[in-house]
Amino acid sequence: MVGFTDEIGRYLETKFGNSIDEASERQVYQALMVKTRDKLSEKRFDYNKKLKDSKQKQAFYMSMEFLVGRTLRNNLFNLGLEKEVKDYLEKNGFTLDKIYDIEPDPGLGNGGLGRLASCYMDALTSQDYPMTGFSILYEFGIFKQVIHDGWQQEYPDNWLDLGSYGLAYRSDEEVEIKFYGSTREEWTDKGLKITHNDYTSVIAEPYDLLISGYHSEAVNTLRLWRAKANKGFNMKLFEKGEYARSVESDVIAESISKLLYPADDNDTGKALRIKQQYFFTSASLQQIVRNHYATYSTLDNLAEKVVIHINDTHPAMCIPELMRILLDEYEYSWEDAWNIVTKTFAYTNHTIMAEALEKWSVDLFKPILPRIYSIIAEINNRFCEWCKRIGALSELETMSIIHNNMIKMANLCIVSSYNVNGVSKLHSDILVEDTFKSFNRIYPGKFNNVTNGIAHRRWIAQSNPELTSYLNDLLKVDFVKDLSKIEKLYDYKDDRSVIEDLEKIKLLKKAQLSKYIKESTGINVDNESIFDVQVKRLHEYKRQLLNALHIVYLYRKIKFDGLRPVPRTFIFGAKASSGYAMAKNIIKFICTLSEMIEADPVVRNYVKVVFLEDYRVTLAEKIIPAANVSEQISQAGKEASGTGNMKLMLNGALTLGTMDGANVEIHEAVGDKNIFIFGLSTPEVNELIKNGYRPIDYYRSSSEIRDTLEFIRTINLNGSNFNNIVDYLINSDPYMCLADFHSYVEKQKEVENTYLDKNKWGSMSLVNIAKAGIFSADRSTEEYAKNIWNIDIVK
Ligand code: GL4
């Protein structure tokens, strides 16, 4: 049998005319990417055959974002080829890690929501569940962040130049997507016939990224659609003399798969976003229906064989699109079509932030998608009629799908799906008790919870091989296959020698990160200092600002009051959406603190602030294993779940957090003694809002707050001042940084004191690792598969 490394050698010879010892790193990279893809294709062939023969139910996961992260290491690891390849390359003078570094990090997502989709694909595949992901092949993923003079600047991320080797183009499965035009209703002997005329069409080209599982049979597909102009269509218009319209398709196609919208949890309300959403949902639905019909010659059993998951509201147009296909292309009656549709879709809500609950103005939407609009309007009419009949008329203002000339996509999803879930216990409770209370009353049993999880193979086995191999030797259980087994570590929570070993590994990971920090920022950090990490998107509700206020507090105390705290390195990583001015100000503020502290010969011995630019999956893999403290300090009730909190815990960081999102469940898992919880709870936040939150009262009654804020007014570095931030905190402070300030500062002191007791800290850290099993994406996806999707593994 020809071994994998022989194939690499042969590829280099036939493709480049080089033997391995003459090849460049780039050539070796290309050979590895292509040959790994081919290997997965082969494997997929067998898997697909089994899947087809079994005719079992399959899940389709629709998401505007899949933040896949680099693929090569993940694939070699999963296929069990990493060691063989590493040895082969080393023998020939190459370092595998350097080859990995050539791969661009496909940034096809903004943050947590997109990364979750990828963790779920990895986990389902590792467990042999049949699942296909659908999204867009963005030419430019999330922008590359460069910090210039403390300000974020955005640069295009041209990932496809070196990233495309992993993709397989499937020219045989192109589909046509129609925009604009008008619809015509016509009564025929078969009933009402609706035709869509004068439309502009675009072609969706499929590119497949094959997803490997860890020691599994399955290879699943992430299908990414790329938009292409429909040339044939152009010609017809051109002949009709409609020259300007003849190029419309080119213009639309050019833009649709051009770039990922760089806003996490808020919607910019752009026509292009509507087109992107419809483009990929229509392409995916057409393909699903076509394949189903080819197998069964009917769509009557669609819901028995297919479940389509809607990842937040972005793919909600799946719903009217399936209605359209059933009504207009397969001539189903409304009732029969609706009966199928309402058994096919399940929806996850990922945020309750008002600005993130997608709404489209009818005036914007209707001309772009006239037929889809008319279907949504009809769904809404029937829903409203039904509400009248069941006596829910008074709640229609919140539940109606179209209200005040706006289409509310979450309402469309709830009405049309058979299941709606939130992403942590707290978040799911808020959905039924508050955000979607009325819906929960009229649809009892439709709402439930699946707490998020992480692909632990990436987030410990691959990114922290030192810890993984130590735990493998110590525990002698296969926790990489089944993370619940890591709980065996709990038996060692009082074992000093294990605690010391873990501490040594942490120090090693800290040293590796320090080296990176030095290279990328020039800052020397002390590896013995507490590595205090806050990495996530920059959002006011996540309260990076509260963290910064504590840093200013420490700065003042050290400089003016002689405080000598345990040395600490505050590490930040965060992208701000390009149009989000306050978020960009906060980055500038943090960078200014960093610079100010570096310039102070005393303070810098105790505190360092490092802002690492371009936070992304690859950088997370470096930072997370090195963290001692995991900052999860969002205002209670605002962070739906968080998943970084889980990754950090699994790598032994202690959570300093509010009772928000999945922090609540981390607290439950590790117990009160092994976590640092502070701040207002969700009911307390709500109470304070009800009574009228006045940040100025906190400012007036606390000299610490006053001194901290007034000190910020005196900061003036290179002409920048932060009066705007101070005024914002005193006058509005929508996420209550001032209300939680004291509680946070007190907890930070406790963190510091605990760190001094190495043994205690080490034991707490160990307990966090041991109790992380429930946060594996294997557990979450198993819940989806069994409780919501009703799918089986492929045998
Ligand atoms: C998010 C939530 O903000 C985040 O708490 C959650 O972990 C993630 C995945 O469920 O989804 N919602 C949006 S929008 N972006 C997110 O990251």
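Keep in mind that what you see is a predicted model, and the values were worked out from it rather than measured. (Residues numbered from 1 in each chain as written. Predicted model: local features only at pLDDT ≥ 70, side-chain atom pairs only at ≥ 80, totals over all residues.)

A.B. asks: Whenever I open this one, the environment of Cys 387 confuses me. Can you help?
C.D. replies: Tracing the backbone through its elements, the reader meets Cys 387 in helix 16 (residues 370-389). It is 8.5 Å that separates the C-alpha atoms of Cys 387 and Ile 442, two residues lying 55 residues apart in sequence. Leaving out residues up to four positions away in the same chain, Cys 387 has contacts with Ala 392, Leu 393, Leu 396 and Met 399. (Helix = DSSP H or I, 4+ residues; strand = E, 2+ residues; numbered from the N terminus. Contact = placed C-beta atoms within 7 Å.)

A.B. asks: Would you explain the packing of helix 10 (residues 248-256) against helix 11 (residues 271-296) in this entry?
C.D. replies: Angle between the axes and distance between the axes: these two values describe a pair of packed helices. Look at helix 10 against helix 11: their axes get within 10 Å of each other, and the N-to-C directions meet at 85°. When the axis of helix 10 is compared with that of helix 11, the two are roughly perpendicular. Every residue of helix 11 that contacts helix 10 at Ile 252, Ser 255 and Ile 256 is listed here: Leu 272, Lys 275, Gln 276 and Phe 279. (Axes fitted to C-alpha atoms, helices over the stretch in contact; angles between N-to-C directions. Parallel < 35°, antiparallel > 145°, perpendicular 65-115°, else oblique.)

A.B. asks: Teacher, can you tell me more about the confidence of the model for the protein chain here?
C.D. replies: Low pLDDT marks regions whose predicted coordinates should not be analysed in detail. Looking at the protein chain as a whole, the pLDDT averages 96, with 97% of positions reaching at least 70. On the interface metric, ipTM, the complex scores 0.99, and its pTM is 0.97. (pLDDT = per-residue confidence, 0-100.)

A.B. asks: Honestly, the sheet that holds strand 19 (residues 568-573) in this entry has me stumped. Any pointers?
C.D. replies: Across a sheet, paired strands are connected by hydrogen bonds in the backbone, their directions being either parallel or antiparallel. Taken together, six strands build an open sheet; the order of strands is 20-19-18-21-22-23 and the sheet is parallel. The strands lining the two open edges of the sheet, one partner per strand, are strand 20 (607-611) and strand 23 (676-677). Where strand 18 (residues 530-535) and strand 21 (residues 629-632) come together, two bridges link them in parallel fashion. By the bridge assignment for strand 21, Val 533 is matched with Ser 630. Along the sheet, helix 24 (residues 544-561) makes contact with strand 18, strand 19, strand 20 and strand 21, crossing strand 20 at roughly 150°. (Pairing = 2+ DSSP bridges.)

A.B. asks: Help me understand the nonpolar core in this model?
C.D. replies: Side chains of a nonpolar character, in soluble globular proteins, are inclined to be buried together. Of all hydrophobic cores here, the largest spans 211 residues; its most connected members are Phe 279, Cys 318 and Ile 590. The biggest single contributor to this core is helix 24, with nine residues. Composition of this core by domain shows at least three residues from each of domain 1 (55-70 + 105-452 + 781-789) and domain 2 (489-775). Not counting residues up to four positions away in its chain, the partners in contact with Cys 318 are Met 62, Thr 281, Leu 285, Ile 308, Ile 310 and Phe 345. Of all hydrophobic cores here, the second largest spans 19 residues; its members include Leu 32, Leu 79, Phe 94 and Ile 99. (Core = buried A, V, L, I, M, F, W, Y, C linked by C-beta atoms within 7 Å. Buried ≥ 20, exposed ≤ 12 C-beta atoms within 10 Å, placed from the backbone. Domains from an automatic or database assignment.)

A.B. asks: Is there a simple way to think about helix 33 (residues 737-756) in this case?
C.D. replies: One full turn of an α-helix is made of 3.6 residues, so residues set three or four places apart face in the same direction. Across its 20 residues, helix 33 extends 27 Å between first and last C-alpha, which sits within 8% of the 28 Å expected from 1.5 Å per residue. Its maximal kink placed at Ser 743, helix 33 deviates by approximately 30°. Of the residues making up helix 33, those classed as buried are Cys 737, Leu 738, Ala 739, Asp 740, Phe 741, Tyr 744, Lys 747, Gln 748, Val 751 and Tyr 755. (Expected span 1.5 Å × (residues − 1). Bend = angle between axes of the 7 residues up to and from the residue.)

A.B. asks: What is the right way to look at the pairing of strand 21 in this model?
C.D. replies: Alternating residues of strand 21 divide into Val 629 and Glu 631 and Ser 630 and Gln 632, and every residue in both groups is buried. As paired strands, strand 21 and strand 22 (residues 654-657) are joined by four bridges and run parallel to one another. Directly across from Val 629, in strand 22, lies its bridge partner Leu 654. Once the chain exits strand 21 it traverses helix 27 (residues 644-650) before rejoining the sheet at strand 22, and the crossover so formed is right-handed. (Right-handed = clockwise from strand over helix to strand, strands pointing away.)

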